[in-house]
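Coordinates in review
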Amino acid sequence: MATLVNRSGRPDWSIDQDWAAYSKEEHGIWRTLFARQAKLLRDRAAPEFLDGVARLGVAADGIPDFRRLNDVLGRATGFQIVAVPGLVPDDIFFEHLAHRRFPSTCFIRTNEQLDYIEEPDVFHDIFGHVPLLVNPVFADYMEAYGKGGLKALKQGALHQLARLYWYTVEFGLIATKAGLRIYGSGIVSSKGESVYCLDHAGPNRLGFDLLRVMRTKYRIDAFQETYFVIDSFAQLFDATLADFTPYYEALAKLPELEAGAVLPTDRVIHRGAGKKRRGITRNPAVA
Ligand code: PHE
Ligand code: CO
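Residues numbered from 1 in each chain as written. Chains lettered and ligands numbered in written order. Predicted model: local features only at pLDDT ≥ 70, side-chain atom pairs only at ≥ 80, totals over all residues. Heavy atoms only, no water.

Moving on, we get to helix H4 (residues 90-98). Residues of H4 that are buried: Ile92, Phe93, Phe94, His96, Leu97 and Ala98. Two residues or fewer past H4, arginine 100 is found with a positive phi of approximately 55 degrees. (Buried < 20%, exposed > 50% of the residue type's maximum accessible area, 1.4 Å probe, protein only. Helix = DSSP H or I, 4+ residues; strand = E, 2+ residues; numbered from the N terminus.)

Below, the discussion takes up the confidence of the model for the chain. Scored by pLDDT, the chain has a mean of 93; 95% of the residues are at 70 or more. Below pLDDT 50 for its whole length, residues 277-287 participates in 47 contacts with residues either more than four positions away or in separate chains. (pLDDT = per-residue confidence, 0-100. Contact = heavy atoms within 4.5 Å.)

All right, on to the pattern of salt bridges then. For the coordinates displayed, the defined rule picks out 15 salt bridges. Arginine 267 is the salt-bridge partner of aspartate 231, the closest N and O atoms lying 4.0 Å from each other. In this pair, aspartate 231 is assigned in the loop between strand E6 (226-230) and helix H11 (233-239) and arginine 267 in the loop between helix H12 (245-253) and strand E7 (268-270), connecting sequence segments 36 residues apart. Note on arginine 267: relative accessible area 44%, which makes it partly exposed. Residues joined in a network through salt bridges with shared partners are Arg100, Asp140, Glu143 and Lys147. (Salt bridge = Lys/Arg side-chain N within 4 Å of Asp/Glu carboxyl O.)

Looking now at the sheet that holds E7. Overall, mixed pairing links the five strands, which are arranged E4-E3-E6-E5-E7 in an open sheet. Sheet topology places strand E4 (179-182) and E7 at the edges, where each strand pairs with a single neighbour. Pairs of neighbouring strands in the sheet enclose a mean axial angle of 35 degrees, with direction left out of account. Note: strand E5 (residues 204-207) against E6, four bridges, orientation parallel. For glycine 207, the partnering residue across the bridge sits in E6 and is valine 229. (Pairing = 2+ DSSP bridges. Axes fitted to C-alpha atoms, helices over the stretch in contact; angles between N-to-C directions.)

This part is about helix H6 (residues 136-155). Relative to the 28 Å expected for 20 residues at 1.5 Å per residue, H6 spans 28 Å between its end C-alpha atoms, a close match to the ideal helical length. Buried within H6 we find Phe138, Ala139, Tyr141, Met142, Glu143, Tyr145, Gly146, Gly149 and Ala152. Near the N-terminus of H6, the side chain that reaches the backbone nitrogen of valine 137, with its oxygen 3.1 Å away, is that of asparagine 135. Note on H6: the residue one or two positions beyond its end, glycine 156, has a positive phi of about 65 degrees. (Expected span 1.5 Å × (residues − 1). Polar contact = N/O pair within 3.5 Å; in protein donor to acceptor, adjacent residues only side chain to side chain.)

The subject of this paragraph is the site of ligand 1. Close to ligand 1 lie Tyr141, Ala144, Tyr145, Gly148, Lys151, Leu161, Leu164, Thr240, Leu241, Ala242, Asp243 and Phe244, which account for all nearby residues. A distance of 2.5 Å separates an oxygen atom of ligand 1 from a polar side-chain atom of lysine 151. In the environment of ligand 1, a nitrogen atom lies 2.7 Å from a nitrogen or oxygen atom belonging to the backbone of alanine 242. Those elements that place two or more of their residues in the shell around ligand 1 are H6 and helix H7 (158-170). Tallying contributions element by element places H6 first for the shell around ligand 1, with five residues. (Near = heavy atom within 4 Å.)

Okay, the packing of aromatic side chains next. The tally for this structure, following the rule as stated, stands at 19 aromatic pairs. The interplanar angle of 75 degrees and the centroid separation of 6.3 Å between the aromatic rings of phenylalanine 138 and tyrosine 183 together place this pair among those described as edge-to-face. In this pair, phenylalanine 138 is assigned in helix H6 and tyrosine 183 in the loop between E4 and helix H8 (185-188), connecting sequence segments 45 residues apart. A single burial state applies to phenylalanine 138 and to tyrosine 183, both of which are buried. Centroid distance tyrosine 167 to tyrosine 218: 6.3 Å. Interplanar angle 90 degrees. Geometry classified as edge-to-face. With tyrosine 167 in helix H7 and tyrosine 218 in the loop between helix H10 (210-214) and E6, the pair connects residues that are 51 residues apart, well separated along the chain. Exposure remark for tyrosine 218: the relative accessible area of 29% places this residue in the partly exposed category. (Phe/Tyr/Trp six-rings, centres within 6.5 Å; stacked < 30°, edge-to-face > 60°.)

This is how it looks when you write it as structure tokens:
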């Protein structure tokens, strides 16, 4: 990662959101993004995500005031949103999560970036991540991930752990009685991938397997070649409860896997048709 500069002047990199400073245009961009994702996600997102959106009131009318969201979130799970200027160093990020604080950017993408932005912006961070922080099991998972991140840093296993975050928090799918649903924030904040991940024959959809996921490389500049499907957030939480130290030792001896690989041991829900993905190779609004 490129060297990050602390523009906040505080040791935890936090800033004030300065909600009053958003322009009409900026609120308008949020409304556009919100309206189209709300429509796309009605039948595609996990019920827990949609429930979180409804309870938070993140919001058809403009960029939300973090203070208002924090009232609801605090009462639901004790999580709080902390405003930051952009990406923060890994240790700062983990430290926030470990204390049930979610670092969120404040700036919003421009009209030219509606479909694709390289860095997380406030739409990705708030609309994408915060609704699930209302869910008690998911909130516990995020706190545990923060603690696990601090540990992985010391053990030189960040690379492996980051893949878990990528394939769950950012790009996870969940099985429901009604079919597969989206819970990953990188998907819910992306118009193209919200459709692609569920409706296209291209990508693999495989049952979640912790060690398998931590061996799998990922692309940050294209739609995913593989999505991992959990059965419940409890499954995810339980699978990550154990001390990862022996896992990291085992992983160090195993080869990493290509993003599109399918193994004989995989639980295949859908085997991807492969890379014939003309016109849809860019990945909007990941993180
Ligand atoms: N249990 C993991 C460890 O001991 C930490 C962790 C929890 C990692 C939840 C990811 C998610 O390292
Ligand atoms: Co993100």
